Amino acid sequence: MASLATAEACDSNASLLASGDLRCLQPMFQIYGQCRAFSGPIVTLKVFEDNVLVRELLETRGEGRVLVIDGGGSMRCALVGGNLGQLAQNMGWAGIVVNGCIRDVDEINGCDIGVRALASHPVKSNKKGVGERHVPIHFAGTLIRDGEWLYADSDGILVSKTELSV
């Protein structure tokens, strides 16, 4: 998939920004993983301090998609660690965006995927299997829907209702 610079996408799609069909997440995420830039169709997940559903989704074929996890912004535990980062890479996911924390940063930084998260935290999450898949989520000032497109690079993260052309 061709890389799309987020700054260029904003400049050339001002009308989509104005209409809300292209949205920019607030700049609150740290950059992890080997892929500094990534994009793909979004799969949404809403959980809180529980990563059972994260693993279940990452065990499915990623096919270049991006898992966007609304973890409620919790800074008390990690939702993604090195094993899940490796799983995401092996299953063909383009990236993971977490409104929450990750752990095993050195392992995740060795994975050939893109990861964005608020911070790192050494404590693992609960394992109760509570959460919702494929639901609209709202964080970083933006509504994010399953099936929309995400574009991330060193400048930021964009969400578009449709795939943008390079």
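The residue numbers shown here count from 1 along each chain, following its written sequence. Residues qualify for local features only when their pLDDT is at least 70, as the model is predicted, and side-chain atom pairs are given and counted only at 80 or more; totals for whole chains, interfaces and linings, by contrast, use all residues. The side-chain values count all of the structure's non-hydrogen atoms but skip hydrogen atoms and water molecules.

*Asks:* In this structure, what is going on with the overall build of the protein? I would like to understand it.
*Replies:* The numbering of helices and of strands both runs from the N terminus, where a helix is a DSSP run of H or I of at least 4 residues and a strand a run of E of at least 2. When its secondary structure is counted, the protein shows five helices and twelve strands. Relative to the globule expectation of 15 Å for 166 residues, the C-alpha radius of gyration of the protein, 15 Å, shows essentially globular dimensions. The dimensions of the protein, computed from C-alpha atoms along their principal axes, are 45 × 30 × 25 Å. For the protein, buried positions account for 50% of its 166 residues. Note that accessible areas follow from Shrake-Rupley with a 1.4 Å probe, and for residues the cover is restricted to the protein chains shown. For the protein, the computed accessible surface area is about 7600 Å², with 48% contributed by carbon and sulfur atoms. Under the counting rule used here, the positive set is Lys and Arg, the negative set is Asp and Glu, and His together with the chain ends is not counted. Working definition for charges: the position is that of NZ of Lys, CZ of Arg, CG of Asp or CD of Glu. Here the protein carries 15 positive and 19 negative side-chain charges, and the mean point of each set is 7 Å from the other. Our radius of gyration looks at C-alpha atoms and nothing else; its globule reference is 2.2 Å times the residue count to the power 0.38. Note on exposure labels: buried denotes an accessible area under 20% of the residue type's maximum, exposed denotes more than 50%, and partly exposed covers the range between, all computed with a 1.4 Å probe on protein chains only.

*Asks:* How do you make sense of the UniProt feature "binding site: substrate" (unreviewed entry) in the protein when you look at a structure like this?
*Replies:* UniProt positions are given in the numbering used here, feature names are shortened, and annotations may be inferred rather than shown by experiment. Those residues carrying the UniProt feature "binding site: substrate" (unreviewed entry) are Gly 81, Gly 82, Asn 83, Leu 84 and Arg 103 in this numbering. The greatest C-alpha distance among the annotated residues, which extend across 23 residues, is 10.1 Å, indicating that they converge on a single site. Tracing the chain through its elements places Gly 82 in helix α4 (residues 82-90). Mapped onto the fold, Leu 84 is located in helix α4. Note on Leu 84: relative accessible area 5%, which makes it buried. Contacts were defined at the residue level, with two residues in contact if any of their heavy atoms lie within 4.5 Å. Beyond its immediate sequence surroundings of up to four residues, Leu 84 is in contact with Asn 51, Val 54, Arg 55, Leu 58 and Leu 79.

*Asks:* For this particular structure, what's the right way to read the packing of aromatic side chains?
*Replies:* Two numbers describe a pair of aromatic rings. These are the distance of the centres and the angle of the planes. By convention, a stacked pair of Phe, Tyr or Trp rings (six-membered ring in the case of Trp) has centres within 6.5 Å and planes under 30 degrees apart, an edge-to-face pair has planes over 60 apart, and any other such pair is tilted. Overall, the coordinates contain two aromatic pairs when judged by the stated rule. With centroids separated by 6.1 Å and ring planes inclined at 65°, the aromatic side chains of Phe 29 and Phe 139 adopt a geometry described as edge-to-face. Of this pair, Phe 29 sits in the loop between β1 (22-24) and β2 (30-32) while Phe 139 sits in strand β9 (residues 137-139), and the two are 110 residues apart along the sequence. Judged by its relative accessible area of 14%, Phe 29 is buried. Residue classification places Phe 139 among the buried positions, given a relative accessible area of 4%. Summarising the aromatic geometry, the rings of Trp 149 and Tyr 151 are spaced 6.3 Å apart at their centres and angled 20° between planes, so their arrangement reads as stacked. The two residues Trp 149 and Tyr 151 agree in class, both being buried.

*Asks:* Would you mind showing me how to read the nonpolar core here?
*Replies:* Buried together is how nonpolar side chains tend to be arranged in soluble globular proteins. We call a set of buried residues a nonpolar core when its members are Ala, Val, Leu, Ile, Met, Phe, Trp, Tyr or Cys and they connect through side-chain atoms within 4.5 Å of each other. Ranked by size, the top nonpolar core spans 24 residues in total, and within it Leu 58, Leu 67, Ile 69 and Val 80 carry the most contacts. Those elements that provide at least two residues to this core are β3 (38-46), α3 (52-58), β4 (66-70), β5 (78-80), α4, β6 (95-102) and β7 (114-120). No other element matches α3, which puts four residues into this core. Sequence-distant contacts of Ile 69, defined by excluding residues within four places in its chain, comprise Leu 45, Val 47, Val 54, Leu 79, Val 80, Ile 96, Val 97, Val 98, Asn 99 and Phe 139.

*Asks:* Which parts of the structure should I look at to understand the side chain of His 121?
*Replies:* Along the chain, His 121 turns up in the loop between β7 and β8 (132-133). With relative accessibility at 18%, the residue His 121 sits in the buried group.

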